[in-house]
Protein chains: 2
Amino acid sequence: MPKPTFFNLPEEKRNLIFHHALLEFAQFPYEQASLSAIVNRAAIAKGSMYQYFADKRDLYKYLVQEVYQKKREFLQPVWDQKEKINFFELASQYYQRSWHFARQFPLHHQVTVNFWDSRDAAIREEILHKKEIRITEFSDMLELGLQSGVVSPEVDKDAVWFVYHAVAKALIDNFLDPDINAESHEAYINSVLTVLERGLRPRKEQ
Amino acid sequence: MPKPTFFNLPEEKRNLIFHHALLEFAQFPYEQASLSAIVNRAAIAKGSMYQYFADKRDLYKYLVQEVYQKKREFLQPVWDQKEKINFFELASQYYQRSWHFARQFPLHHQVTVNFWDSRDAAIREEILHKKEIRITEFSDMLELGLQSGVVSPEVDKDAVWFVYHAVAKALIDNFLDPDINAESHEAYINSVLTVLERGLRPRKEQ
DNA sequence: CCCCCATGTGACCACCCGGTCACATTAGTG
DNA sequence: CACTAATGTGACCGGGTGGTCACATGGGGG
């Protein structure tokens, strides 16, 4: 919801603003991010910013929307395989590709991480909305897993969603941990997913 | 590390200050919490606060320390059973009792939740310290589970820690969700733990 | 050339923050 | 009572914030 003026801008200037907003909101959550800092670093007059966006929240919402748009496109190839591979392979590929997204676009990634911690009431609504979308997508995946028999029919679906969501968030929060290099991180994701797949109880078979 | 003056205060006044600090830091994470708001609501002069504590962070560290002290005492009965019951029962009791803590002391609980989101550099050190303590405690528990045979020796211990920590944090963050009543919440915790225990793959036995 | 309108600007506003300090108040002691 | 030391106080400071507004700038068309 930027004002029309923003879209009349030459692309270069739009990118400049977007980039510096990205830098700021990647470093700080919404409440602590400073609009003054953004305009100073972008060498834009504060008043100009208010020609483009209604207020700080307007800018933030636009930024988050664009960031998630990019992430969704990045993950699309994984979703396209939904019917071809099983639940566990799909989950693995999903997190592996999310990790590559974080590597390639660390600022975008950090914005998504900070987004979930926001306390602003209006933004929390957006968060709940995004959460619902995830639940639906995950339920679809899980349903396919149940039908093909790779997922046990005994599990409590809500509990499974809860566990996967919790683990996904923790994985994503740690994607940029500098102590972990590429190879071991991919292995690590798979170790974690194996725990979810097989459980802690010993299995008699195999 | 409050100043000696603080401990010379009559207990009533100490409790007053503690209570209003609790209210503020339960509502906001460290950076967004307002010292001015605390002193105003407690009807204390701002200058007085600086007779008791070196600065905002000093007050916060003291508060967090007291809160975790209370929580540790509350959970002690569970740890005392460490040798008597198995890994999965212990985990269940641990989260059940954590949930009762959140119910009985919602402000204390909320302070612990906000604590983990803090970005202040000095406070992040405390966070890492608390995290190490948790890792050690959990490793001990898991080791007992392995020795007694209720936990599969094939699992990657680091991955198990990661999963349990992630799920614990998510459970705790949702403890005060008003949509969930007492009975169903206890059942919910057990459903989630069952997913971790048995995994998603169907089991041939049983 | 001038007029118009979209765009750019930065001083300025009210408000809030954490922290300080000169001074007032109180309580205990001889 | 007086003297001392501890404690209480709130106006004040410098610095930050999101947001505004009267005005400057510039480029295209009559």
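Look up: the structure comes first, before these words.
In this text the structure is predicted, and so the values were computed from the model without any measurement.

J.: Give me the lowdown on helix α8 (residues 121-148) of chain A, citing residues and values where you can.
T.: Along an α-helix, residues three or four positions apart point the same way, because every turn accommodates 3.6 residues. Residues and elements named next belong to chain A. With 28 residues, α8 should reach 40 Å at 1.5 Å per residue; the first-to-last C-alpha distance of 41 Å fits that figure. Where α8 is concerned, the buried positions are I123, I127, K130, R134, F138, M141, L142 and G145. Residues of α8 that are buried in the fold lie against α5 (56-79), α6 (87-104), α7 (106-115) and α9 (157-173). For α8, the N-terminal cap is D120; the gap from its side-chain oxygen to the backbone nitrogen of A122 is 3.0 Å. Phi turns positive one or two residues past the end of α8, at G149, with a value near 85 degrees.

J.: Break down the interface of chain B and chain A for me, citing the residues and quoting the values.
T.: Taken together, the contact pairs 43 residues of chain B with 43 residues of chain A. Here chain B and chain A share an interface that buries about 3,800 Å² over both sides, 60% of which is from carbon and sulfur atoms. Of all residues in chain B, the largest losses of buried area upon contact with chain A belong to F162, L200 and R201 of chain B, amounting jointly to 21% of the total for that side. Taken together, the links from chain B to chain A amount to two salt bridges. Taken together, the connections running from chain B to chain A amount to 20 residue pairs in polar contact (both at pLDDT 80 or more). Looking at the side of chain B that touches chain A, the elements with two or more residues in it are α6 (87-104), α9 (157-173) and α10 (182-198) of chain B. Here the side of chain B that touches chain A takes 10 residues from α9 of chain B, the largest share from any one element.

J.: Report on the protein's contact with DNA strand C, specifying residues and quantitative values.
T.: Close contacts around DNA strand C come from 18 residues, with K13, G47 and Y52 of chain A together with S34 and Y50 of chain B the closest. Backbone atoms, meaning sugar and phosphate, make up 59% of the atoms of DNA strand C lying within 4 Å of the protein. A33 of chain B places a main-chain nitrogen or oxygen 3.1 Å from a phosphate oxygen of DNA strand C. Within the contact set of DNA strand C, a phosphate oxygen lies 2.9 Å away from a backbone nitrogen or oxygen of K56 of chain B. Secondary structure elements with two or more residues in the surface near DNA strand C: α1 (4-8) and α4 (46-52) of chain A together with α3 (35-42) and α4 (46-52) of chain B. Examining the composition of the surface near DNA strand C, we find that five residues originate from one element, α4 of chain A, more than from any other. Residue composition of the surface near DNA strand C, by class: five nonpolar, eight polar and five charged.

J.: Pulling in residues and values, what's your account of the pattern of salt bridges?
T.: Note on pairing: side chains with opposite charge can pair once their charged atoms come close. All names here are of chain A. Here the structure, examined in full by the defined rule, presents 12 salt bridges over all chains. A salt bridge links D120 to R57; its shortest N-O distance comes to 3.1 Å. Of this pair, D120 sits in the loop between α7 and α8 while R57 sits in helix α5; the two residues are 63 residues apart in sequence, bridging distant segments of the chain. The salt bridge involving E126 is made with K61; its shortest N-O contact spans 3.7 Å. Of the two residues, E126 sits in helix α8 while K61 sits in helix α5, which places them 65 residues apart along the sequence. Residue classification places E126 among the partly exposed positions, given a relative accessible area of 31%. K61 gets classed as partly exposed once you look at its relative accessible area, which sits at 23%.

J.: Can you tell me about the relation of the copies chain B and chain A, naming the residues and giving the values?
T.: When chain B is brought onto chain A, the operation consists of a screw motion whose angular component is 180 degrees and whose axial shift is 0.0 Å, with 0.1 Å RMSD remaining. The transformation relating the two chain copies, once decomposed into turn and shift, fits a two-fold axis. Minimal C-alpha separation from the rotation axis in chain B is found for G199 of chain B, amounting to 1.8 Å. Same-surface contact between copies: 100% of interface residues of chain B are shared with the interface of chain A.

J.: How would you summarise the packing of helix α2 (residues 11-27) of chain A against α5 of chain A if you had to cite specific residues and measurements?
T.: All names here are of chain A. Two elements in contact, α2 and α5, have axes whose closest approach is 11 Å; the angle formed by their N-to-C orientations is 95 degrees. Between α2 and α5, the interaxial angle falls into the category roughly perpendicular. When α2 is examined against α5, the residues F18, A21, L22 and F25 are found in contact with a partner set consisting of L59, Y60, Y62, L63, E66 and V67. Classifying every residue of the contact of α2 with α5 gives nine nonpolar, no polar and one charged.

J.: Quick one: what's the story with the protein's contact with DNA strand D, residue by residue and with numbers?
T.: Neighbouring DNA strand D are 18 residues; S34, Y50 and K56 of chain A together with G47 and Y52 of chain B lie closest to it. Looking at DNA strand D alone, sugar and phosphate atoms form 58% of those within 4 Å of the protein. At 3.0 Å, a backbone N or O of L35 of chain A approaches a phosphate oxygen of DNA strand D. The contact in question runs from a phosphate oxygen of DNA strand D to an N or O atom on the backbone of S36 of chain A, over 3.2 Å. Taken together, the elements giving at least two residues each to the surface near DNA strand D come down to α3 (35-42) and α4 of chain A together with α1 (4-8) and α4 of chain B. Ranked by the residues each element gives to the surface near DNA strand D, the list is headed by α4 of chain B, at five residues.

Basis of the calculations
Residues numbered from 1 in each chain as written. Chains lettered and ligands numbered in written order. Predicted model: local features only at pLDDT ≥ 70, side-chain atom pairs only at ≥ 80, totals over all residues. Heavy atoms only, no water. Helix = DSSP H or I, 4+ residues; strand = E, 2+ residues; numbered from the N terminus. Expected span 1.5 Å × (residues − 1). Buried < 20%, exposed > 50% of the residue type's maximum accessible area, 1.4 Å probe, protein only. Contact = heavy atoms within 4.5 Å. Polar contact = N/O pair within 3.5 Å; in protein donor to acceptor, adjacent residues only side chain to side chain. Buried area = accessible area lost by both parts, 1.4 Å probe. Salt bridge = Lys/Arg side-chain N within 4 Å of Asp/Glu carboxyl O. Near = heavy atom within 4 Å. Nonpolar A, V, L, I, M, F, W, Y, C, P; charged D, E, K, R; others polar. Least-squares fit on C-alpha atoms with pLDDT ≥ 70 in both. Axes fitted to C-alpha atoms, helices over the stretch in contact; angles between N-to-C directions. Parallel < 35°, antiparallel > 145°, perpendicular 65-115°, else oblique.

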